[in-house]
Amino acid sequence: MATMVGSGFHLNAALGVGGTAAEGTVLTASNLGQFIDIQTDGTIQPNNGSIDIGDSFVVDTDRDGDFSDEAATTQVDNDRYVSSTFTYADGSTSTGTLELITLSDGSQAILVNEDAAAGINAASDQIQSITLGRFSTGFDNFYNQRQYMNEITNSVVCFCEKTLVKTPTGERQISSLVAGDDVVTVRDGVQKIVWIGRRKLSTAELVASPHLRPIRISAGALGEGVPHSDLLVSPQHRILIASRIAERMFGQREIFVPAIKLVEAEGIEQVASFAPVTYVHMLFEAHQIVFANGAPAESLYTGVQALKALPEMARREIFEIFPELETAGQGASPAHLTIRKQAQVSKLLARHKRNHKQLVLLES
């Protein structure tokens, strides 16, 4: 079984190996590329031993959380840079150790040591640049895995601010909703919002992290009148798919699929614009499915990874409302099975298209 090494940046261009990436080298947002998870091949266990040249790695290149569809690579070099500087979107900075690993496929990735992870998470969830610190020859080609079990969050799961949410008195723009307001859910009737949060991403932030650009689900893309008007959500926001084809493939008629995985369907695409966008989170007592522009989509899920994807202030607010989340480390179970593997989603979409079936057909 694979073992998580950590989360890091998969660089868009190799910097060189053996310390050839000099102290003071600045990696801008365009250099850093996507933020991804990296695993070992299972021969190395957490907190036990070191990772060295020749050890196998698996990189989640498609960022779907599934490593089984990825090719294994081998570490050919790793370089440690101490006292590196991390600069954030808000202008603040922190320092820490990072590891620049080089893989046999020619790619490179940066893993951030635990001494920097806390500062990164506290200061900002958007790194604008990294300045390499001093190259440490004493640790060349060798590092202890337990120092790299960090999580750095760089994603959001929410609706865009003009989304229309169904309430008992009609549709309301999500930006007008507040805690305590009633919302109509697909399965549990009217439920009260217990917390709502917002996050604005500037043009600079979207240029730095283009994978955070919204997904547009055009009117009727999921079925007749679903959604009734173009719906914009964050890439990892899960959309409810409800059909007999889904039931035959996965044993459940209703499943979740992240919006980014649906872009192969006609009328669904990631927006090309880097215009600023405001994302809105909406939390209920339990994970719910709400009507967004008439389409069924999830509310904020308080799972471990979902909570880590929130800014620190938002997490603190949620923990005040649900203190058990902080101690237990997890929230309520997700409302439905989530299909993340792109090959499975592609097959699902192809079967719907071939059989002229809509992706969402809710039963009463």
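Reading guide: rules and limits
- Residues numbered from 1 in each chain as written.
- Predicted model: local features only at pLDDT ≥ 70, side-chain atom pairs only at ≥ 80, totals over all residues.
- Heavy atoms only, no water.
- Disulfide = S-S within 2.5 Å.
- Buried < 20%, exposed > 50% of the residue type's maximum accessible area, 1.4 Å probe, protein only.
- Helix = DSSP H or I, 4+ residues; strand = E, 2+ residues; numbered from the N terminus.
- Expected span 1.5 Å × (residues − 1).
- Contact = heavy atoms within 4.5 Å.
- Pairing = 2+ DSSP bridges.
- pLDDT = per-residue confidence, 0-100.

Points about the state of the cysteines
Thinking step 1. In total, this model carries 0 disulfides according to the counting rule given.
Thinking step 2. Looking at Cys158, it has no disulfide partner, and the nearest cysteine sulfur is the one in Cys160, 7.7 Å off.
Thinking step 3. Given a relative accessible area of 8%, Cys160 falls into the buried group.

With respect to helix H8 (residues 342-354)
Thinking step 1. Under the 1.5 Å per step criterion, the end-to-end length of H8 is 18 Å for 13 residues, consistent within 8% with the ideal 18 Å.
Thinking step 2. Close packing links the buried residues of H8 with strand E20 (238-242), helix H4 (244-250) and strand E21 (254-258).
Thinking step 3. Looking one or two residues past H8, His356 carries a phi angle of roughly 55 degrees, positive in sign.

Structural notes on the pairing of strand E24 (residues 289-292)
A regular strand carries its side chains on alternate faces of the sheet.
Thinking step 1. Burial along E24 is two-sided: Ile289 and Phe291 and Val290 and Ala292, pointing in opposite directions, are all buried.
Thinking step 2. The sheet contact formed by E24 and strand E25 (residues 295-298) spans 4 bridges and is antiparallel. Pairing of Phe291 across the sheet is with Pro296, part of E25.
Thinking step 3. Here E24 folds back onto E25 in antiparallel fashion, the turn holding 2 residues, of which Asn293 has a positive phi close to 50 degrees.

A few points about the confidence of the model for the protein
Thinking step 1. For the protein, per-residue confidence averages 79 on the pLDDT scale, and residues scoring 70 or more make up 73% of the total.
Thinking step 2. Low pLDDT, under 50, characterises residues 121-125; the predicted model gives this stretch 16 contacts beyond four residues in sequence or across chains.
Thinking step 3. Confidence drops under a pLDDT of 50 for residues 149-154, and excluding neighbours within four residues, the segment shows 28 contacts in the predicted structure.

Some remarks on the pairing of strand E8 (residues 108-112)
Thinking step 1. When you tally the buried positions in E8, you get 5 out of 5 residues, the bulk of the element.
Thinking step 2. Side chains Gln108, Ile110 and Val112 project from E8 onto one buried face, and the interleaved Ala109 and Leu111 project onto a second face that is buried too.
Thinking step 3. Between the antiparallel neighbours strand E7 (residues 93-103) and E8 lie 4 residues, among them Gly106 with a positive phi of about 90 degrees.

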